[in-house]
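Report on the structure
If you want the building blocks of each chain, they are given just below.
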Amino acid sequence: MRFKPSKPYTVGLELEVQLVDSFTFELTEKSSVIFEKASRKLSSVLHKEFLQSMIELVSPPSSSSKEATDIIREAYEEVKQIGEREGFHPLLLGTHPFADPCEIRITRDKRYERLLKEFQIVLKNFLIFGLHIHIGVETEKQLWEAYNMTLKYLPLFIALSSSSPFYKGRFTGLHSYRLKIFEQLPRAGVPEQFFSTEEFERIFNILKNAGFVDSLKDIWWDVRPRPDFGTIELRVCDSIPDFNRIEAVADFFRLLVAWSKDKKVERFYHQIVRQNRWNAVRHGLDGMFIDLDGVENINSKIHGLVEEFDREGLIERLGIRADNLYNIFSRYPISYKMIEAYRNGVSIRKIARFGLVE
């Protein structure tokens, strides 16, 4: 598996967008309309997805999180304008709050049909929508440093992006139920540690030679190394209905990748990562994070890391908008507002509107 270097700390965003009826907020199969009506500029970042009621917006490799976010924001605005004419809204939440998976149709595509044949009801429940973030690295050594550091701190990104406390018309009691759905796949969830491309390639080839994967696209881990792109890919974030927060979360990931350079990451227990992940899924920013030196609140851990990045001059060196970073991280993600509204008697159908971007 050949490593292809990237310009360090470039950013690529992949944002999954659900399409809902303008009046009922039910999922609506309008993706084909968007492909028909899209301008050339939108078409360049528009990708089909598993469901006919969703699309994906994919930025090219960008020099900053702001640049990548602005590209996605502009594309989203055009989708929104198409929706105003065609009777739908683009919605940014990690799950659809009340849709019935039995009523949803998948996109006609050989790969999706093959996956559906294999995973059956598990895949039919996939009314989930996420944000994936790629950060470029220039050496193999840095790829694995960044991979292991990201694996350790996965729960922080879950807590910062949570937007999926509702599913199939019920309050799940969790801040990010999307991840509990996704992890049902055999090649999803928390992966193990790797320290070299050869080590990673060994497990990939076992799966490929056994006929279970064709490419790296068939591995859906929470964090995925992409030696072929020269990127580390974060996959735990829910879709976020706030572009400033998208930028801030991407910047936090850039900072973590830059900070990990030349830092040795110790081997740590897989079960501890899984426990920390659960704490974030269940409790959001109020969850607890187990580290070598004890247990700390997730929100405090995030702010401690940001302060460390600032002290080391990384925020300035990477040209990150510090005001946006600190402003966003002083506020709770949308899952908190959704849960509060539900506890105050707002119906789940109305709570779906929290996924609109004004």
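First, a word on what this report is: a plain description of the structure on this page. Along every chain, residues carry numbers that run from 1 in the direction the sequence is written. Since the coordinates come from a predicted model, pLDDT governs what is reported: local features require at least 70, and pairs of side-chain atoms require 80 or more to be given and counted, while whole-chain, interface and lining totals use all residues. Heavy atoms throughout the structure, all of them, feed into the side-chain values; hydrogens and water do not.

**Points about the packing of helix α3 (residues 65-86) against helix α8 (residues 243-260)**
- Orientation is described by axes fitted as lines to C-alpha atoms, over the contacting stretch for helices, and by angles from 0 to 180 degrees between their N-to-C directions. Numbering of helices and strands runs from the N terminus; a helix is a DSSP stretch of H or I covering at least four residues, while a strand is a stretch of E covering at least two. At their nearest, the axes of α3 and α8 sit 9 Å apart, and the two run at 150 degrees to each other. By the angle between their axes, α3 is roughly antiparallel relative to α8. The element α3 and its partner α8 pack so that their crossing is right-handed. Residues Ser65, Lys66, Thr69, Ile72, Arg73 and Tyr76 of α3 pack against Phe243, Asn244, Ile246, Glu247, Ala250, Asp251 and Arg254 of α8.
- The classification used treats Ala, Val, Leu, Ile, Met, Phe, Trp, Tyr, Cys and Pro as nonpolar, Asp, Glu, Lys and Arg as charged, and all other residues, Gly among them, as polar. Residue composition of the contact of α3 with α8, by class: five nonpolar, three polar and five charged. Roughly parallel refers to an angle under 35 degrees, roughly antiparallel to one over 145, roughly perpendicular to one between 65 and 115, and oblique to any angle outside these ranges. By definition, turning the near helix anticlockwise from the far helix through less than a right angle yields a left-handed crossing, and turning it clockwise yields a right-handed one. For this analysis, residues touch if any pair of their heavy atoms sits within 4.5 Å.

**Considering the packing of aromatic side chains**
- Two rings from Phe, Tyr or Trp (for Trp, the six-membered ring) form a pair when their centres are within 6.5 Å of each other. A pair whose planes differ by under 30 degrees is stacked, one over 60 is edge-to-face, and the rest are tilted. Counted according to the given criterion, the structure contains 19 aromatic pairs.
- Arranged with centres 6.3 Å apart and planes meeting at 65 degrees, the rings of Trp144 and Phe194 form a pair that is edge-to-face. One end of the pair, Trp144, is in helix α5 (residues 140-161); the other, Phe194, is in the loop between β8 (188-189) and α7 (197-209), with 50 residues separating them in the sequence.
- The interplanar angle of 70 degrees and the centroid separation of 5.5 Å between the aromatic rings of Trp259 and Phe309 together place this pair among those described as edge-to-face.

**Quick look at the nonpolar core**
- Nonpolar core, defined: a set of buried Ala, Val, Leu, Ile, Met, Phe, Trp, Tyr and Cys residues in which side-chain atoms within 4.5 Å join the residues together. Burial classes follow relative accessibility: with a 1.4 Å probe on protein chains only, a residue under 20% of its type's maximum area counts as buried, one over 50% as exposed, and anything between as partly exposed. Counting residues in hydrophobic clusters, the biggest one holds 89 residues, and the most contacted among them are Leu42, Ile133 and Phe252.
- With 13 residues, α5 is the largest single contributor of residues to this core.
- If near-sequence neighbours (up to four positions away) are discounted, Ile133 is found in contact with Val11, Gly12, Leu13, Ile232, Glu233, Leu234, Val249, Ala250 and Phe253.
- Membership of the second largest hydrophobic core comes to 27 residues, among which are Leu27, Phe50, Leu51 and Ile181.

**What to know about empty space enclosed by the protein**
- Only protein atoms enter the 1 Å grid, on which a cavity is a set of points fitting a 1.4 Å probe that cannot get out and a pocket is an open set with protein on both sides within 12 Å along at least 5 of 7 lines, lining residues being those with an atom within 4 Å of a point. Grid points are joined across faces, edges and corners, and a volume is the space filled by probe spheres set on the points. Under the defined criterion, the tally for this structure stands at one cavity of 30 Å³ or more.
- One number sums up the size of the largest cavity: a volume of about 50 Å³.
- Lining the largest cavity are His132, Arg178, Leu179, Phe182, Trp220, Trp221, Asp222 and Arg235.
- Listing elements by their share of the lining of the largest cavity, those giving two or more residues are α6 (177-182) and β9 (220-221).
- Ranked by residue count, the leading element in the lining of the largest cavity is α6, at three residues.
- The class makeup of the residues in the lining of the largest cavity is four nonpolar, one polar and three charged.

**Quick look at the environment of Asn299**
- Relative to the elements of secondary structure, Asn299 occurs in helix α10 (residues 298-311).
- The buried category is assigned to Asn299, whose relative accessible area is 18%.
- Along the backbone, Asn299 and Leu156 are 143 residues apart, and their C-alpha atoms lie at a distance of 7.8 Å.
- Setting aside residues up to four positions removed in sequence, Asn299 forms contacts with Leu285, Phe329 and Tyr332.

**Focus on the pairing of strand β11 (residues 231-238)**
- Burial of β11 is extensive: eight of the eight residues sit out of reach of the surface.
- Taken together, the six bridges between strand β5 (residues 130-136) and β11 define a ladder with antiparallel strand orientation. Bridging across to β11, Gly130 finds its partner in Asp238.
- Two strands pair under a simple rule: DSSP has to find at least two bridges between them. Sheet analysis places strand β10 (residues 223-226) next to β11, joined by four bridges and oriented antiparallel. Across the sheet, residue Val223 finds its bridge partner in β11, namely Leu234.
- Following β10, the chain reverses through four residues before pairing antiparallel with β11; Gly230 in that reversal takes a positive phi of roughly 70 degrees.

**Digging into α10**
- A rise of 1.5 Å per residue sets the reference length of α10, with its 14 residues, at 20 Å; its end C-alpha atoms lie 20 Å apart and thus fit the reference within 8%.
- For the purposes of these results, a polar contact is taken to be a pair of N or O atoms within 3.5 Å, where, inside protein, one atom must be able to donate a hydrogen and its partner to accept one; residues adjacent in sequence count only when each atom of the pair is a side-chain atom. Where α10 begins, the capping side chain belongs to Asn297, and its oxygen is found 2.9 Å from the backbone nitrogen of Asn299. Given the number of residues in a helix, its expected span is that number minus one, multiplied by 1.5 Å.

**Looking at unusual backbone geometry**
- Positive phi, close to 70 degrees, is recorded for Tyr9, a residue that is not glycine.
- Of note, Tyr9 is situated in the segment before β1 (11-21).

**Quick word on the pairing of strand β12 (residues 288-291)**
- Across the two faces of β12 the burial differs, with Phe289 and Asp291 buried and Met288 and Ile290 not buried at all.
- Pairing of β12 with strand β13 (residues 294-297) involves four bridges; the strand directions are antiparallel. When the bridges of β13 are listed, Met288 appears paired with Asn297.
- Counted along the chain from β12 to the antiparallel partner β13, the turn is two residues long.

**A look at the pattern of salt bridges**
- The term salt bridge refers to a pairing of a side-chain nitrogen on Lys or Arg with a carboxyl oxygen on Asp or Glu at a separation within 4 Å. For the coordinates displayed, the defined rule picks out 23 salt bridges.
- Linking Glu233 and Arg235 is a salt bridge whose minimum nitrogen-to-oxygen distance equals 3.1 Å.
- Among the residues examined, Glu233 registers a relative accessible area of 0% and is labelled buried.
- Exposure remark for Arg235: the relative accessible area of 9% places this residue in the buried category.
- Measuring nitrogen to oxygen at the nearest pair gives 2.5 Å for the salt bridge that ties Arg311 to Glu308. Of this pair, Arg311 and Glu308 are both found in helix α10, three residues apart, which corresponds to roughly one turn of the helix.
- Its relative accessible area of 22% is what places Glu308 among the partly exposed residues.

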